[in-house]
Amino acid sequence: MEGKSAKVPCDIAVLQEISTAVVRERDLRRLLEQVIDILDRSMGMLRGTFTLLEGDELRIEASSKQLNAEERALGRYRIGEGITGLVAKSGRAEIVRDVRKDRRFLNRTKSRGADEALSFICVPLIRQGQVIGTLSVDREMRDNPAALAKDVALLEIIANITAEAAATFREECTEREALVNENRKLRGMLADGLPKRMIGDCTEMRSVYEQIRQVASSEVTVLIRGASGTGKELVAQEIQSLSARKDKPFVVLNCAAMPEMLVESELFGHEKGAFTDARERRIGRAEAANGGTLFLDEIGDLSIAVQVKLLRFLQDRTFSRVGSNEVIRSDVRFIAATSRNLEDLMSKKLFREDLYYRLSVFPIMMPDLSARGGDIVLLAHHFLAKKSAQHGRHVTRISSPAMNMLQSYNWPGNVRELENCIERAVLTAKDDTIHSYNLPAALQTPEFAEDPFRPDEKLSLREQLAIAERRILENAVKRHNGNRAAAGRELGVSSRMMNYKLGKLGILDIGRDDD
């Protein structure tokens with residue numbers, strides 16, 4: 001009648017409520033319990049029970065009655081055993097009109113009285129043609145075959161909906177357990193003296209671990225080579241932690257872009273008045289590391305003059321502070337690292353050959369992240385847990401499209417870039433999952449993109465529109481190779497408004513202003 005909303009049929013309302021629960025709930029047992037509660041509350045279906053197949057046995061996963069450990073242990077069925085096992089074997093629904101008169105009905109959990117007049121319905125959960133479990137309910141006994149058949153039809157639809165969700169949840173749990181076991185296996189390598197801090201199981205990283213193990217117990221100089229962001233300092237820390245000097249100082253000096261006088265002062269120290277602003281004596285890193293390990297990062301950036309003094313220190317472990325002739329001895333284990341091509345620098349007379357050969361007693365080459373294949377998954381989940389805890393966020397998953405983007409990207413900034421990428425995604429995530437649209441524009445590829453316009457009932461309209469706007473702006477900037485002004489013209493937005501919108505969305509760091 002006009003002016004009055006049509007009443008939604010009960011069956012449709014139940015399916016709508018269950019579909020909403022499937023979309024929102026991220027815990028399998030809680031989801032199944034919600035479905036059982038809906039059937040009880042809305043349809044009068046009693047003692048709802050979900051079983052899931054584990055190996056060749058069906059086990060109760062959720063029930064309207066809170067089962068104790070003993071009852072759960074009893075609620076197991078082999079394929080073909082009882083009504084539940086028969087349904088799992090045949091893949092077809094079964095109806096018991098009177099449970100008191102059917103010997104196939106086992107009542108294994110003893111939740112029904114011997115004299116209760118009940119009908120029992122059990123339907124299979126089928127996914128991709130395979131039975132993965134069952135859904136069963138009790139009904140007050142009825143002699144109406146048509147009513148029972150209608151119940152079966154509704155339960156089969158619900159079973160199909162929940163089967164897909166249950167299988168997806170279990171696959172995610174299996175994948176998560178595999179990653180946990182993989183990390184546990186890597187951590188277990190500690191018993192053999194392998195790294196504590198490093199994540200990765202590819203062939204290249206196993207080779208690095210083996211080299212760390214081989215060199216850690218010695219006193220030889222180590223040169224760690226590899227691109228920026230590959231984890232060279234972590235390798236140095238692992239070598240030190242597995243050496244006899246593990247309880248001694250680990251002192252770091254990054255030589256990149258430091259003035260010659262400052263590098264020499266930082267490394268060897270200086271006397272009061274040695275140069276302007278040298279108001280008091282200061283000991284250097286070489287002296288502070290006495291008895292421990294000295295790690296010089298980006299050693300390829302040292303000037304020739306400092307290289308000469310470093311060579312002397314490497315030869316006899318003696319040096320003099322800037323502004324002093326006093327010879328000081330320091331017992332250190334020396335480890336160096338560089339992302340530069342030292343051979344090319346030597347050919348240009350920018351790096352001393354004698355220092356190169358003194359450093360390169362035991363070289364270790366760190367692989368680029370793009371060459372480490374499956375390690376990206378391990379590293380991404382490691383950084384996800386780390387950054388979620390660090391920022392107090394409950395982000396626990398990475399969607400499949402987002403993971404595909406992470407694995408297809410070439411990572412010029414290596415592990416450091418991946419860590420920064422995951423941190424940004426954790427901060428921008430609106431739910432417990434990192435989606436593809438949470439990743440930077442550089443990673444966006446159409447074949448792996450998630451639709452930002454897909455409705456998400458957890459988000460407000462404003463939040464969904466912000467996600468869509470962010471995606472549009474990032475894609476436009478990417479199409480114009482980072483030129484924000486050109487992207488703005490394409491979208492009909494002024495440069496000023498483009499910068500305002502990017503800033504409001506927290507992505508002003510993408511692209512550049514040049515026209």
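Residues numbered from 1 in each chain as written. Predicted model: local features only at pLDDT ≥ 70, side-chain atom pairs only at ≥ 80, totals over all residues. Heavy atoms only, no water.

**Q** How do you make sense of the overall build of the protein chain when you look at a structure like this?
**A** Helix and strand counts for the protein chain come out as 18 helices and 17 strands. Relative to its full complement of 515 residues, the protein chain shows a buried share of 47%. Contacts in the protein chain between residues far apart in sequence, at least 24 positions, make up 65% of those at least 6 positions apart. By element, 50% of the accessible surface of the protein chain is carried by carbon and sulfur atoms, the whole surface being about 25900 Å². (Helix = DSSP H or I, 4+ residues; strand = E, 2+ residues; numbered from the N terminus. Buried < 20%, exposed > 50% of the residue type's maximum accessible area, 1.4 Å probe, protein only. Contact = heavy atoms within 4.5 Å. Areas by Shrake-Rupley, 256 points an atom, 1.4 Å probe, with all protein chains shown as cover.)

**Q** Quick question: what am I supposed to make of the pattern of salt bridges here?
**A** Where side chains of opposite charge bring their charged atoms close, a pairing between them can arise. Evaluation of the coordinates by the stated rule reveals 32 salt bridges. D37 is paired through a salt bridge with R41; the nearest N and O atoms lie 3.2 Å apart. Remark: R41 and D37 occur in helix α2 (residues 28-43); sequence separation between them is 4 residues, near one turn of the helix. The salt bridge partner of R59 is E57, with a shortest N-O separation of 3.0 Å. A relative accessible area of 29% means that R59 is categorised as partly exposed. Within this structure, E54, E57, R59 and R76 form a network of salt bridges that share partners. (Salt bridge = Lys/Arg side-chain N within 4 Å of Asp/Glu carboxyl O.)

**Q** Explain the confidence of the model for the protein chain to me, please; I cannot follow it from the model alone.
**A** If pLDDT is low for a region, its predicted coordinates should not be looked at in detail. For the protein chain, mean pLDDT is 84; residues scoring 70 or higher make up 87% of the total. Below pLDDT 50 for its whole length, residues 1-8 participates in 2 contacts with residues either more than four positions away or in separate chains. (pLDDT = per-residue confidence, 0-100.)

**Q** What's the story with the sheet that holds strand β11 (residues 293-297) in this structure? I'm lost.
**A** In a beta sheet, neighbouring strands are held together by backbone hydrogen bonds and run either parallel or antiparallel to one another. Taken in spatial order, the 5 strands make up an open sheet running β8-β11-β14-β7-β15, and their pairing is parallel. Single-partner strands in this sheet number two, and they are β8 (250-254) and β15 (362-365). On average, each strand axis in the sheet is tilted by 20° relative to the strand beside it, whichever way the strands run. (Pairing = 2+ DSSP bridges. Axes fitted to C-alpha atoms, helices over the stretch in contact; angles between N-to-C directions.)

**Q** What should I look at first to understand the packing of aromatic side chains in this one?
**A** Between two aromatic rings, the relevant description is the distance of the centres plus the angle of the planes. Summed over the entire model, instances satisfying the criterion amount to 6 aromatic pairs. Consider the rings of F313 and F319, whose centres lie 5.7 Å apart with planes at 85°: the pair is edge-to-face. Comparing F313 with F319 shows no difference in burial state: the two are buried. Aromatic side chains Y409 and W411 sit 4.7 Å apart centroid to centroid with 85° between the ring planes, which places their arrangement in the edge-to-face category. (Phe/Tyr/Trp six-rings, centres within 6.5 Å; stacked < 30°, edge-to-face > 60°.)

**Q** It is not clear to me how unusual backbone geometry should be interpreted in this structure. Could you clarify?
**A** Backbone phi values are negative for most residues with the exception of glycine, while trans is the configuration of most peptide bonds. For W411, which is not glycine, the phi torsion reads 50° and is therefore positive. Looking at where W411 falls in the secondary structure, it is placed in the loop between α14 (400-408) and α15 (414-428). Judged by its relative accessible area of 1%, W411 is buried.

**Q** Is there a simple way to think about the environment of E260 in this case?
**A** Along the chain, the position of E260 falls in helix α8 (residues 260-268). Each C-alpha atom, one on E260 and one on I304, is 9.3 Å from the other, the two residues being 44 residues apart in sequence. Setting aside its immediate chain neighbours within four residues, E260 contacts S303, A305 and V306.

**Q** Would you mind showing me how to read the nonpolar core here?
**A** A general feature of soluble globular proteins is that nonpolar side chains tend to end up buried together. The biggest cluster of nonpolar side chains holds 34 residues, and the ones touching the most others in it are L39, L125, L135, L155 and I158. Of all the elements in the fold, those that place two or more residues in this core are α1 (10-24), α2, β1 (46-54), β5 (118-127), β6 (130-140) and α5 (145-188). Looking at this core element by element, the count peaks at 11 residues for α5. Filtering out sequence-adjacent residues up to four positions away, L135 remains in contact with L39, T49, F50, I121, C122, V123, L125, L155 and I158. Residues A286, L314, I328 and M346 belong to the second largest nonpolar core, which totals 30 residues. (Core = buried A, V, L, I, M, F, W, Y, C linked by side-chain atoms within 4.5 Å.)

**Q** Sorry, what's going on with α15 here?
**A** Since one α-helical turn is 3.6 residues long, residues separated by three or four positions face the same way. Between its first and last C-alpha, α15 extends 21 Å over 15 residues, near the 21 Å set by a 1.5 Å rise per residue. Here α15 has its buried residues at N414, V415, L418, E419, C421, I422, E423, R424, A425 and V426. (Expected span 1.5 Å × (residues − 1).)

**Q** Is there a simple way to explain α14 in this structure?
**A** Those residues of α14 that sit buried are A402, M403, M405 and L406. One side of α14 holds all its buried residues, which, seen down the axis, span an arc of 155°. In the core, the buried residues of α14 are packed alongside α13 (375-390), β16 (397-398), α15 and β17 (433-434). (Arc of directions from axis to C-beta.)

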